[in-house]
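# Architecture and fold: a report
Residue strings, one per chain:
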Amino acid sequence: MKTIAKYMLLLALLSSVGACKKYLDVTPDDLGTLEYAFRNRNEAENYLFGCYAYVQRMSDEVKNPSFTTSSEIIYPNDLTTPTVDQTGFNLLRGTQTSSNPGLNAWDGMNNNYSLFRSIRLCNTMLDNIDQPIDLTETEKKRWIAEAKFLKAYYHYCLARMYGPIPIIRENLAIDASPEEVRVKREHVDTVFNYCVRLLDEAAPDLPPLITNISRELGRATRPAAMTLKAEILTLAASPLFNGNPDYASFRDKEGQPLFASSFEAAKWSRAATACREAITECESRGIILYQFQLPANITSLSDSLKKVLTLQQTITEKWDENPEMIWANVPTYTYQGYSTPRMTSKSVVNIFSNPGTFAVPMATAELFYSDKGVPMSEDKTFNYSGRYQLRASDAGSKYYIRENYTTVNAHFNREPRFYADLAFDGANWFGNGVLDQNNMLYVEARGNVSKAGPKDRNRYNATGYWAKKTVSYQSVYDDGFQEISFHMPIMRLAALYLLYAEALNEAEGPVNDVFTYVDRVRARASLAGVQESWDNYSRTPTKYTTKEGMREIIHRERRIELCFESQSGWDLRRWKELQQVLSLPLQGWSIEQTEAVNYYRPRTVLTPVFGLRDYLWPIRDETLVINSKLVQNPYW
């Protein structure tokens, strides 16, 4: 793509225009280079593309804290030759320190990139937008709006990691004094309000849709700006930032508070309004929930498999053919091979082409509902206490599980998202080069004699569950790995629907619109509405009638719907629920065992380390020494 090529070409320019080892180095290194960068429209557009650089870097999920610390994926730390950087994954093992923080987005260290550098680029763009003599007024307005959008996004990304941050409203002058360079952290509400103001200024001048796909895919739009505003206001209203008693005494060195001392209900109302406005904007532009369309090369497909492909392809469909996408990463997702089990004889021979090492803990697999649309533990028709008992599959589950294959009760009678998102021992896999529903490949994962089981200490799945959702059904792992690329969503409509339901429930309780928007997402997953499901099948049928009960339902719905999309980790942090989720060991099956009776025994794979202090990232100790006006986050 031409756009991607421009990003790559711009890397050399970034090293001279925006490179800085520390975020405090905020003055241009070479004014002559800046004059060259803005001498005409084409050069200025290249610089604008550079402002998007961090968005593109975030397409690498191993650099995304929400992916690596969400409890959704375990990456083994005992591999002979790891093929990805383990910094983010190891944070759950208690490796985080203030002396050398992992995934350090403040300074740009330890497998991350400095967001202050990207903010600097945006400010430079705004400072020099008047220089290109051949830039039209319409383009100028749009580019200003894009720079403001990105500036808001980068401040937001920093705030959800660090809480109160310095707001970089403009770059410092070249002759700035040492005192001016020592910026200080600002109240977290000031940060959020600043981001919202930037987005309000940007939205009117952003295009409603991207029409030139080959040149402009990934650039900011009005629906993306309004959705980002809704996300920011929801974050500001959430328990981590809204009157959090754990941060009540957190102040800067001048004694000024950095968090509000009391909860403000009005923040949820403001967030709900922003969500509703974003939904209206998105729907007016033709953004709708995705539905899989049968291609010409598939002659027959059962309703069960259509549901699975609709849910799987919601994120793996091509961007320009996916009407649900609001904004996504332009670089394609590169980890399909880490979530694909070996299912053919040739794939076993070509084991080196595909690691399959992104392992899903059992707790994540058990999040998904039963086919009655309620949690397994609540479903009065489901034998929850006997969920690990062995059972042979029959014709009734043939589209999900290999017929006559022995697995456990927990793999039967589950909602379609369970089968779309996860692969497991005995699971059928439509695709991987076989598009005949009567002759599907399937997963054999027991012991090293099976195709997908552990063969060495480099390529094994530690739990026996693979993140199937992150693999296109058209990708093929056989004689090598041939993937069909896709763009991982940053924002999509189902997430916005659930965000609105959450904010509205917190503001007004379980009113009609709360059910309307949760049920839209559930209906796409072929589930009955919340009220019908809980009335008929739950052991706690009145749960949805209270704000607290509906909150629990919405939180679980988001974790299921957005699983493996680098969303749940941020949600669990802002809800202050991640400490609870990580209080229990993360388990998997006994993958070395070959017999079903021995394989299906839960074993602990990882005992997470996560405390109160880990909700916010530490600022590096050396950075605090360099800038004496900064204060460390609480409990570090």
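Here the structure is a predicted model, which is why all the values come from computation and not from measurement. (Residues numbered from 1 in each chain as written. Predicted model: local features only at pLDDT ≥ 70, side-chain atom pairs only at ≥ 80, totals over all residues. Heavy atoms only, no water.)

This next bit is on the nonpolar core. If you look at the biggest cluster of nonpolar residues, it comprises 179 residues, and the most contacted ones within it are Met125, Phe149, Tyr153, Tyr154, Tyr162, Phe358 and Met550. Counting residues per element, this core draws most heavily on helix H8 (residues 137–162), which supplies 14 residues. In contact with Met550, other than residues within four places in its own chain, are Asn505, Pro510, Val514, Phe515, Val518, Val530, Lys543 and Tyr544. Leu305, Phe430, Met440 and Tyr473 belong to the second largest nonpolar core, which has nine residues in total. (Core = buried A, V, L, I, M, F, W, Y, C linked by side-chain atoms within 4.5 Å. Buried < 20%, exposed > 50% of the residue type's maximum accessible area, 1.4 Å probe, protein only. Helix = DSSP H or I, 4+ residues; strand = E, 2+ residues; numbered from the N terminus. Contact = heavy atoms within 4.5 Å.)

Assignment of secondary structure puts Ala265 in the loop between helix H12 (222–237) and helix H13 (266–284). The class of Ala265 is partly exposed, set by a relative accessible area of 47%. In sequence terms Ala265 and Asn242 are 23 residues apart; their C-alpha atoms lie 8.8 Å from each other.

Overall, the predicted model of the chain reaches an average pLDDT of 93, with 95% of residues at or above 70. In the model, residues 1–31 has pLDDT below 50 throughout and makes 76 contacts with residues more than four positions away in sequence or in other chains. (pLDDT = per-residue confidence, 0-100.)

Once that is clear, we can look at unusual backbone geometry. Both trends apply: most residues other than glycine have a negative phi, and most peptide bonds are in trans. With a phi close to 50°, Asn110 is a non-glycine residue in the positive phi region. Tracing the backbone shows Asn110 in the loop between helix H6 (87–90) and helix H7 (115–127). Judged by its relative accessible area of 27%, Asn110 is partly exposed. Its identity as a non-glycine residue notwithstanding, Asn111 has a phi of 70°, on the positive side. Within the fold, Asn111 resides in the loop between H6 and H7. The exposure class of Asn111 is buried, given its relative accessible area of 17%.

One way to put it is that H12 packs onto helix H18 (residues 493–508) with a least axis distance of 11 Å and a crossing angle of 40°. In this structure, H12 crosses over H18, and the sense of that crossing is left-handed. Where H12 abuts H18, its residues Thr227, Ala230, Glu231 and Thr234 lie against Leu496, Leu499 and Glu502. Its residues placed into classes, the contact of H12 with H18 shows three nonpolar, two polar and two charged. (Axes fitted to C-alpha atoms, helices over the stretch in contact; angles between N-to-C directions. Left-handed = near helix turned anticlockwise from the far one by under 90°. Nonpolar A, V, L, I, M, F, W, Y, C, P; charged D, E, K, R; others polar.)

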